[in-house]
Every structure is written in C-alpha cells, then in structure tokens.
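# Remarks on the overall topology
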Amino acid sequence: MRLRTVGAGLALALAGVAGGFVVGNVLQSDPASIAAVTPVPAQSPSYPVTEYDVLPDPAIAPLGTDLPSHEASFRLNQFRLQASVPDGWRRVTLVGGSAWNFAPPDNPLNSYVLRIEIVAGSRSSVSAAKGFRILKLQNAVDDGNLQHLVIEQDLNDGFEATYLDPGLVKGTFYQRVTMERWLTFGDSATAYADVAVTGREADRAGLADLLERVVDSARIP
C-alpha cells in the first residue's frame with residue numbers, strides 16, 4: 001500500500017480548480033465526455049508530494065477487549081505503583097528502569113504493546129509531560145526516524161496519534177496507532193505515571209479498552 005500526502009495549499013487549489021470545472025461544464029451547451037476516469041501521472045510537479053511504501057500488518061488476530069488481567073507492581077526509587085496488566089504478557093524493563101513494556105511473548109514485531117512508566121521524579125505537570133512527548137515524536141519525524149505523524153486527539157490528560165514506523169527494509173513503513181495517558185493521584189497536579197498502548201489500526205478498539213482498564217486500575221500502594 002502506498003500512502004501519499006499533499007500540502008494543504010494544494011488541496012485548496014485543487015478544490016478551486018474542481019469548482020471552476022463544474023461551472024464551465026454548466027455553461028457549455030454541448031459538454032465533452034470521456035469514456036472513463038484514469039489516473040494521470042504528475043510531470044515535474046511544482047508542489048511537494050511524499051509517497052510511502054506501507055507494508056501489510058502482521059497477520060495475527062486483532063487485540064481483543066476485556067482481557068483477563070492481574071495486578072503488577074512497579075517501583076522507581078521511592079515511587080511505587082500498582083496496575084492491572086494482561087495475563088501471560090511478557091514484562092520487559094526498559095533502559096533506565098522507569099518504564100516497562102508488556103506484550104504477548106509469541107507476537108511478531110509491529111503488532112501491539114503496553115507501556116507503563118513512573119514519571120513522578122520529573123515533577124512535571126500533565127500538560128508539560130504531554131507536550132514533551134509530542135515534541136519527541138515530532139523530533140523523531142524531523143530526524144527521519146518516523147514519518148507522517150498525525151495527532152488525532154489532543155486531550156487534557158493525553159493524546160491519540162498515528163505515524164509511520166520504518167520497516168527493516170529501507171523506504172518501507174508500518175502504520176502505527178498510539179494512545180497515551182498521564183496519571184495524577186490525590187490533589188497533586190504533578191504527573192505520576194504514564195500509560196501508553198501502541199498497535200495496528202485493526203487493534204484500535206482493543207488498545208482503547210486496554211488503556212482505560214490499566215488507567216482505571218492504577219493506584220499508589
């Protein structure tokens with residue numbers, strides 16, 4: 001599958017051209033007709049066009065909803081957290097020891113993953129933590145590590161976005177969906193923990209359900 005993006009200015013220009021075409025046809029007494037509509041390749045276009053080679057998703061069943069789960073414990077220095085995670089998913093501690101990934105052990109790459117992170121040590125507000133994460137994603141795009149980042153929803157305590165993640169073969173990509181939420185506890189406005197889920201478009205309903213369940217279960221022991 002190839003994904004093509006065109007600048008907003010071009011879209012408006014094309015809309016104006018299409019409008020003029022319609023008016024012109026109305027004014028003609030004997031309008032011309034064509035047998036079929038076929039794509040016409042651009043010749044030295046004067047507007048920017050980016051085309052991506054998006055690979056098929058791994059052929060496994062979409063992430064389900066209402067997954068059986070159990071309570072897991074997390075600790076970073078003096079900060080502690082407990083939250084529910086899906087049964088049977090492998091736990092991997094990420095570099096720095098402040099974040100943990102969970103995913104089915106037999107799943108292929110580019111399927112789906114849950115991440116839980118304790119961020120209380122940074123003493124950042126939810127708004128600041130969210131803004132920093134979005135900035136990191138945009139920097140990854142600027143550095144060529146991601147492509148076509150779209151923030152679909154910008155929420156008070158998180159966001160939802162899609163982007164293209166590079167595949168193993170240069171110039172190929174996988175479409176990814178990510179949802180992220182920051183947690184506070186008690187009367188504090190400081191972000192204490194971050195919960196994120198990432199997967200395929202087919203996993204969207206399961207990702208949203210998993211995120212809500214983990215967030216609702218999270219507490220300080």
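Structural data are supplied above this passage.
Residues numbered from 1 in each chain as written. Predicted model: local features only at pLDDT ≥ 70, side-chain atom pairs only at ≥ 80, totals over all residues. Heavy atoms only, no water.

## Side note on the pattern of salt bridges
Side-chain pairs of opposite charge can arise where the charged atoms are in close proximity. Rules: Any Lys or Arg side-chain nitrogen located within 4 Å of an Asp or Glu carboxyl oxygen qualifies as a salt bridge. In this text, helices come from DSSP runs of H or I with a minimum length of four residues, and strands from runs of E with a minimum of two, each type numbered from the N-terminal end. To sort residues, take the accessible area from a 1.4 Å probe on protein chains only and compare it with the maximum for the residue type: under 20% means buried, over 50% means exposed, and anything in between is partly exposed.
Overall, the coordinates contain 15 salt bridges when judged by the stated rule. Between Lys 130 and Asp 154 there is a salt bridge; the shortest N-O distance is 2.7 Å. Of this pair, Lys 130 sits in helix H2 (residues 126-142) while Asp 154 sits in strand S8 (residues 147-154), and the two are 24 residues apart along the sequence. A relative accessible area of 52% places Asp 154 in the exposed class.

## Remarks on the nonpolar core
Across soluble globular proteins, you tend to see nonpolar side chains buried next to one another. Selection criterion: In plain words, nonpolar cores are sets of buried Ala, Val, Leu, Ile, Met, Phe, Trp, Tyr and Cys residues tied together by side-chain atoms within 4.5 Å.
Counting residues in each nonpolar core, the largest one holds 29 residues, and the members touching the most others are Phe 74, Leu 81, Phe 102, Leu 114, Ile 116 and Ile 118. Elements that contribute at least two residues to this core include exactly strand S3 (69-76), strand S4 (79-86), strand S6 (99-103), strand S7 (113-118), strand S10 (172-183), strand S11 (193-199) and helix H3 (204-217). Grouped together as the second largest cluster of nonpolar side chains are 14 residues, Val 126, Leu 146, Phe 159 and Ala 191 included.

## Focus: the side chain of Arg 200
This is how it is decided: As used in this structure description, the phrase polar contact means that two N or O atoms lie within 3.5 Å; if the pair is within protein, one of them must be able to donate a hydrogen and the other to accept it, and residues adjacent in sequence are counted only when both atoms belong to side chains.
Here Arg 200 lies in the loop between S11 and H3. A polar atom in the side chain of Arg 200 sits 2.7 Å from the backbone oxygen of Pro 58. For Arg 200, the side chain forms a polar contact with the side chain of Asp 203, separated by 2.7 Å.

## Brief notes about H3
Here is the rule we go by: For a helix, the expected span equals 1.5 Å multiplied by the number of residues minus one. The reported arc concerns the directions from the helix axis to the C-beta atoms and nothing else. By definition, residues are in contact when any of their heavy atoms lie within 4.5 Å.
Its 14 residues place the ends of H3 20 Å apart at the C-alpha level, agreeing with the 20 Å of an ideal helix rising 1.5 Å per residue. For H3, the set of buried residues is Gly 206, Leu 207, Leu 210, Leu 211, Val 214, Val 215 and Ser 217. Seen from one end, H3 has its buried residues packed into an arc of 165 degrees, which puts them on one side. In H3, the exposed positions that point more than 90 degrees away from the buried face belong to Ala 205 and Asp 216. Packing partners of the buried residues in H3 comprise S4, S7, S10 and S11.

## Comments concerning the environment of Asn 110
Within the secondary structure, Asn 110 sits in the loop between S6 and S7. As a C-alpha pair, Asn 110 and Pro 58 span 52 residues in sequence and 6.9 Å in three-dimensional space. In contact with Asn 110, not counting residues within four places along its chain, are Pro 58, Asp 165, Tyr 174, Arg 176 and Arg 200.

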